[in-house]
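One-letter residues, chain by chain:
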Amino acid sequence: MKTKDLMEQFEKTYRDEKLKEAETLHNAVAELLSEHKAEIQTVLYVLEMIRFELLEERYRSIFAAEPKPGEIRFGTPQ
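Predicted model, so just to flag it, every value in this text is computed and none were measured.

The next thing to look at is the pattern of salt bridges. For the structure on display, the rule yields 5 salt bridges. Between lysine 20 and glutamate 17 there is a salt bridge, with its nearest N and O atoms 3.7 Å apart. Of the two residues, lysine 20 and glutamate 17 are both situated in helix α1 (residues 3-36); the distance of 3 residues between them amounts to about one turn of the helix. Assessed through its relative accessible area of 48%, lysine 20 is described here as partly exposed. Across the pair arginine 60 and glutamate 56 runs a salt bridge whose closest N-O atoms are separated by 2.9 Å. In this pair, arginine 60 and glutamate 56 both sit in helix α2 (residues 40-64), 4 residues apart, roughly one turn of the helix. Relative accessible area serves as the criterion here: at 30%, glutamate 56 is assigned to the partly exposed category.

Here it is in structure tokens:
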């Protein structure tokens, strides 16, 4: 098999796995929401809170670490 074919197969496998993961998560969240009979406004609020928490954690990990040589932060190379 050629390298290009291997890469295409790898990408397809990766996409398929991500789709399965998303479908499983979707079904779990839909089941949970159905059990709780939550209003859409509450659901969106909670999802936004989760999004904020995850992004805040990620931003802290990015900006807390010392910049690597040549890494661009705040518009200038370090």
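Our focus in this paragraph is the confidence of the model for the protein chain. Across the protein chain, the average pLDDT comes to 87, with 91% of residues at or above 70. Mean pLDDT per element in the protein chain: strand β2 (residues 76-77) is the minimum at 56, and α1 is the maximum at 94.

Conventions and cut-offs
Residues numbered from 1 in each chain as written. Predicted model: local features only at pLDDT ≥ 70, side-chain atom pairs only at ≥ 80, totals over all residues. Heavy atoms only, no water. Salt bridge = Lys/Arg side-chain N within 4 Å of Asp/Glu carboxyl O. Helix = DSSP H or I, 4+ residues; strand = E, 2+ residues; numbered from the N terminus. Buried < 20%, exposed > 50% of the residue type's maximum accessible area, 1.4 Å probe, protein only. pLDDT = per-residue confidence, 0-100.

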